[in-house]
Amino acid sequence: MRDPRELYTFESADVVAAVPRGRLTLVHALPGIVDAGNACRIAATYLRDSLRHVRLVTFDADELLDYRGSRPQAVFDGRSFTSVDIPEVTLHLMYDEADRPFLFLDGPEPDLQWRRFAEALIDLVEFFDVDRVVSMNAIPMAVPHTRPISLIAHANDESLLGGVDAFGDGHTEMVVPASFGALLERELGRADHPAMGYVAQIPHYLTRSDFPAGALALLRRVSTAAGLELPLVELGDLTDAASAALGETLVENAEVQGIVAALEESYDAMSHDEAAGIPATMDMPTADEIGDHFERFLARHDDDGDEGPRGA
């Protein structure tokens with residue numbers, strides 16, 4: 001294996017020197033072949049757009065990505081190609097709403113050199129003295145969109161789960177397609193670095209659609225696990241709007257309504273059966289989200305009340 005450190009370059013010595021060492025969390029959501037509901041892509045984009053951040057490290061995308069397998073997009077103006085959007089794999093220093101720093105690994109899941117990339121990340125974990133690594137993923141499941149999203153918790157140290165029931169009893173093996181995140185978590189464990197993650201179960205009939213509720217569920221769980229204050233209210237509004245639009249669409253499709261009803265019945269039956277294997281960790285709004293929505297409800301109510309007498 002070639003030197004993993006040749007895979008990346010630091011943005012600048014001054015920026016790197018300013019990174020606070022110790023008790024940092026590294027968060028990553030690397031959209032790959034399975035990103036149900038585009039939940040990881042939405043979560044990553046939301047973090048970039050919502051939080052203050054600075055680039056620390058850039059990885060050599062030409063070494064990691066297969067452009068023929070997943071072709072970049074080009075813009076053609078009728079006479080020439082004005083741009084070609086080559087994906088980037090980067091590591092950023094981000095700050096949450098409480099100005100608490102954390103690291104965010106951004107970009108697509110690598111197609112090539114998984115082991116070398118994992119070693120490069122372990123080297124950076126040790127360089128920045130990262131306390132833990134938290135991942136996000138999303139898979140399609142036979143669940144309805146009308147119920148709380150279930151999440152599968154996993155970790156290379158069972159104590160990181162904090163009493164949350166994981167998928168299964170820990171003794172029954174399942175063979176599933178591997179992701180780079182799975183390899184990274186395993187390699188981090190072998191190097192004595194704590195790593196954990198959450199997998200959102202997305203309705204299978206929405207796998208190829210944008211499903212912001214999946215991103216919201218993942219970011220809520222990451223916020224709790226990493227002790228971060230992430231701004232989730234706007235994403236909650238987006239989720240509400242998407243859910244309302246989806247509900248209006250399904251009203252006109254009796255066949256899909258029947259499928260959703262059957263999934264609801266199955267979900268409700270299994271959620272009451274502890275032996276069914278459904279994870280106990282559910283997506284629930286945070287106190288800040290509930291409070292913000294309630295304040296806006298009262299504000300709208302006051303506005304309506306003011307207009308009533310004037311209209312009368």
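Residues numbered from 1 in each chain as written. Predicted model: local features only at pLDDT ≥ 70, side-chain atom pairs only at ≥ 80, totals over all residues. Heavy atoms only, no water.

In the annotation of an unreviewed UniProt entry, the chain is listed under the name PAC2 family protein and assigned to Brachybacterium huguangmaarense.

Asker: With reference to specific residues and values, describe the nonpolar core.
Answerer: In terms of nonpolar packing, the biggest core is built from 44 residues, with Phe102, Met136, Leu219 and Leu230 touching the most fellow members. Mapped onto this core, the elements with two or more residues apiece are helix H2 (39–50), strand E7 (101–106), strand E8 (130–141), strand E9 (151–155), strand E10 (195–203), helix H6 (212–226) and helix H7 (233–251). Once residues within four sequence positions are removed from consideration, Phe102 is found in contact with Leu24, Thr25, Val27, Leu51, His92, Leu93, Met94, Tyr95, Asp96, Leu228 and Leu230. Formed by 33 residues, the second largest nonpolar core is a distinct cluster that contains Leu121, Ile122, Leu124 and Val133. (Core = buried A, V, L, I, M, F, W, Y, C linked by side-chain atoms within 4.5 Å. Buried < 20%, exposed > 50% of the residue type's maximum accessible area, 1.4 Å probe, protein only. Helix = DSSP H or I, 4+ residues; strand = E, 2+ residues; numbered from the N terminus. Contact = heavy atoms within 4.5 Å.)

Asker: Could you give me a rundown of the pattern of salt bridges, with the residues and numbers involved?
Answerer: Evaluated as defined, the whole model comprises 13 salt bridges. The closest approach of N and O atoms between Arg5 and Asp3, which form a salt bridge, is 3.3 Å. Relative accessible area serves as the criterion here: at 30%, Asp3 is assigned to the partly exposed category. Within the structure, one salt-bridge network assembled from shared partners comprises Arg2, Glu6, Glu63 and Arg116. (Salt bridge = Lys/Arg side-chain N within 4 Å of Asp/Glu carboxyl O.)

Asker: Could you give an account of the sheet that holds strand E6 (residues 90–95), with specific residues and numbers?
Answerer: Across the sheet, 8 strands lie side by side as E1-E3-E6-E7-E2-E8-E10-E9; this open sheet has mixed pairing. The open sheet has two edge strands with one neighbour each: strand E1 (8–10) and E9. With strand direction ignored, the average angle separating the axes of adjacent strands in the sheet is 25°. Examined bridge by bridge, strand E2 (residues 24–28) and E7 share 3 bridges and lie parallel to one another. Within E7, the position partnered with Val27 by the bridge is Phe104. With respect to the sheet, H2 is in contact with strand E3 (52–59), E6, E7 and E8, its orientation differing from that of E8 by roughly 135°. Helix H5 (residues 180–190) rests against E2, E8, E9 and E10 of the sheet, and its axis sits at about 160° to E10. (Pairing = 2+ DSSP bridges. Axes fitted to C-alpha atoms, helices over the stretch in contact; angles between N-to-C directions.)

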